[in-house]
Amino acid sequence: MRSPDAAIVQRAPLHPLLAKELREIVSGRALWTMLLILCPLVGYSFWQAVLLYGEASAAARDAPVLASGLSPLDGVLVPTFGALYVAVTLLFPFVAIRSLGREKETGALRLLLQLPYRVPTLIAAKMTAIFGAWLVALIPAASAVVIWAMLGGHLYVPEAANLVLGHLLYGLLVGAIALFAASISESSATAAIIALAFTIGSWVLDFALAGQPGALEWFSRLSLTQTLRTFEQGLLSPGLLLGVMAAICGFAALSAVWLHPGVPPRTRFMRSIACVAAVAAVLALATQVRTSVDLTEDRRNSFPAADQRALAGLREPLLVTVRLAPEDPRYVDLRRNVLAKLERALPDVSIRLATSGQSVVGSSSDEAYGEIEYSYAGRADKSRSTSPREILPLLYALAGKPTPPPGTGEEYPGYPLVADGRWTLPWFLVGLPLLIVIAWWRSRRPPQIPAQLINKGGQA
């Protein structure tokens with residue numbers, strides 16, 4: 001018979017479940033071991049970044065024009081958070097798997113499923129615990145940012161916050177994949193292998209398909225590391241945000257589908273297909289969103305403000321035909337300095353590689369190799385330059401518009417800093433690890449029973 005209080009039981013509070021999941025993560029060794037490994041990784045990366053940044057800053061004293069190329073984002077923040085990226089890729093799956101793998105191995109999952117919580121609620125609580133674990137893993141990198149500010153280093157909040165957001169999304173994506181791996185595996189070891197197959201497989205995609213055009217380029221975008229590159233460049237892309245969030249929710253939904261052992265396999269497969277189809281539809285929609293916001297202080301991803309306004313007024317489609325091999329360094333420069341910026345500035349631009357199936361050696365004998373043709377409003381012109389100083393006037397001529405005058409006060413000053421970062425190593429090698437060990441010891445202490453309960457127990 002059904003309990004007459006079933007409706008009341010279904011409204012169980014969430015905070016005991018969240019507390020249980022958080023304590024499950026914190027009480028394990030995986031999180032604290034990863035933290036201890038992170039300290040020397042982040043510390044050495046930060047020390048090397050400060051050292052190299054100081055050497056470049058010293059050279060800028062003799063040549064002040066070099067100071068404009070000194071950006072703390074590239075010189076300090078990205079290398080420092082690169083150590084966090086490596087740890088999240090290789091170690092964070094073991095932390096996330098603990099939230100479910102231990103319960104499956106001990107049989108506690110069957111008891112957990114009998115609590116008055118829906119399966120999506122259980123998955124949401126575990127994802128919240130994974131988010132909390134990532135925040136704890138952020139401590140070494142956050143301390144490096146604080147030390148950089150104490151050394152007198154410059155910080156531009158929008159680009160720094162954008163970088164942290166990118167690492168957060170990457171961490172949640174890795175955590176969702178690990179949770180899905182744990183839901184379809186009977187042991188934590190098998191789940192770890194499956195999760196690492198996703199993360200390390202992304203590196204294989206990057207190395208094997210980097211710079212390949214056409215379908216291979218689209219397939220390479222499935223790499224998990226692609227989620228970070230846009231943020232490291234200082235760009236905030238709504239399409240990328242939508243795609244990553246869809247992937248996180250998709251893996252979380254698949255975890256909910258495979259969590260309950262009482263669901264028939266046929267039902268699981270049908271629900272999984274529906275989840276994959278929904279995520280694929282959202283990803284297809286996300287690829288159509290090409291707008292992005294340049295949050296860098298030096299505006300490296302954009303043309304000067306006057307050119308941005310002028311290009312935004314070109315409403316006709318622009319077709320760019322590039323006769324360069326994808327691995328040609330000139331194509332890399334053209335892509336970084338011109339094409340990527342045109343895609344962000346113009347409302348309708350198409351780029352076509354005319355030598356997509358050839359290599360640099362096979363194409364060098366072609367007389368037209370190296371030409372870039374620009375077609376706009378029935379007019380066309382060619383150039384071999386990869387510099388916007390020559391290409392932008394060419395586009396204005398095709399559109400029949402005058403070249404806008406350059407703006408004033410838009411030059412990026414750069415932030416040179418020569419600092420001694422040697423004293424930071426004791427913090428990352430001794431001070432912070434000691435605090436982590438103390439916190440680890442305190443987390444393993446049994447919870448104290450309130451005195452009121454002890455007194456009541458004695459009276460009974």
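The model shown is predicted, which means the values in this text are computed figures rather than measured ones. (Residues numbered from 1 in each chain as written. Predicted model: local features only at pLDDT ≥ 70, side-chain atom pairs only at ≥ 80, totals over all residues. Heavy atoms only, no water.)

A. Layout of the nonpolar core. Formed by 88 residues in total, the largest nonpolar core has its most connected members in Phe-46, Phe-92, Ile-123, Met-127, Ile-248 and Leu-259. Top contributing element to this core by residue count: helix 9 (residues 157-184), with 15 residues. (Core = buried A, V, L, I, M, F, W, Y, C linked by side-chain atoms within 4.5 Å. Buried < 20%, exposed > 50% of the residue type's maximum accessible area, 1.4 Å probe, protein only. Helix = DSSP H or I, 4+ residues; strand = E, 2+ residues; numbered from the N terminus.)

B. Structural detail: the sheet that holds strand 4 (residues 349-353). Taken together, the 4 strands give an open sheet; going across it, the order is 4-3-5-6, and neighbouring strands pair in mixed fashion. Looking at strand neighbours, the two that pair on one side only are strand 4 and strand 6 (379-383), the edges of this open sheet. If you compare each strand with its neighbour and ignore which way they point, the axes differ by 15 degrees on average. Here strand 5 (residues 372-376) pairs with strand 6 via 5 bridges, running antiparallel. Paired with Ser-375 across the bridge in strand 6 is Ala-380. The sheet strands contacting helix 16 (residues 329-345) are strand 3 (318-322), strand 4 and strand 5, and the helix crosses strand 4 at an angle near 160 degrees. Of the strands in this sheet, strand 3, strand 5 and strand 6 are in contact with helix 18 (residues 388-399), which crosses strand 6 at around 165 degrees. (Pairing = 2+ DSSP bridges. Axes fitted to C-alpha atoms, helices over the stretch in contact; angles between N-to-C directions. Contact = heavy atoms within 4.5 Å.)

C. The pattern of salt bridges, seen in detail. According to the stated counting rule, one finds 13 salt bridges in the structure shown. With a shortest N-O distance of 2.8 Å, Lys-126 and Glu-103 are connected by a salt bridge. Here Lys-126, found in helix 7 (residues 119-137), pairs with Glu-103, found in helix 5 (residues 92-106); they are 23 residues apart in sequence, far enough to count as distant. Overall, Lys-126 belongs to the buried group, its relative accessible area being 0%. (Salt bridge = Lys/Arg side-chain N within 4 Å of Asp/Glu carboxyl O.)

D. Structural view of the packing of aromatic side chains. Following the criterion strictly, the structure yields 7 aromatic pairs and no others. Between the aromatic rings of Tyr-85 and Tyr-170, the centroid separation amounts to 5.3 Å while the plane-to-plane angle is 45 degrees, which identifies the pairing as tilted. Taken together, the positions of Tyr-85 in helix 4 (residues 72-90) and Tyr-170 in helix 9 put the pair 85 residues apart, joining distant regions of the chain. Both residues of the pair, Tyr-85 and Tyr-170, belong to the buried class. For the pair Trp-258 and Phe-269, a centre-to-centre distance of 5.3 Å together with 90 degrees between the ring planes defines the contact as edge-to-face. (Phe/Tyr/Trp six-rings, centres within 6.5 Å; stacked < 30°, edge-to-face > 60°.)

E. Quick peek at the confidence of the model for the protein chain. Across the protein chain, the average pLDDT comes to 83, with 87% of residues at 70 or higher. Here residues 1-9 is modelled with pLDDT under 50, and outside its nearest four sequence neighbours on either side it reaches 1 contact, counting other chains as well. (pLDDT = per-residue confidence, 0-100.)

F. View of helix 5. With 15 residues, helix 5 ought to run about 21 Å at 1.5 Å a step, and its terminal C-alpha atoms sit 22 Å apart, in line with that. Helix geometry: helix 5 is bent most strongly at Arg-98, by close to 50 degrees. Most of helix 5 is tucked away: 11 of the 15 residues are buried. Looking at helix 5, one finds that the buried residues are Phe-92, Pro-93, Val-95, Ala-96, Ile-97, Arg-98, Ser-99, Leu-100, Gly-101, Glu-103 and Lys-104. Of the residues one or two after helix 5, Gly-107 is the one with positive phi, at around 85 degrees. (Expected span 1.5 Å × (residues − 1). Bend = angle between axes of the 7 residues up to and from the residue.)

G. Representation of the environment of Arg-110. With respect to the helices and strands, the residue Arg-110 is situated in helix 6 (residues 108-112). When the C-alpha positions of Arg-110 and Pro-261 are compared, they lie 8.2 Å apart, and in sequence the two are 151 residues distant.

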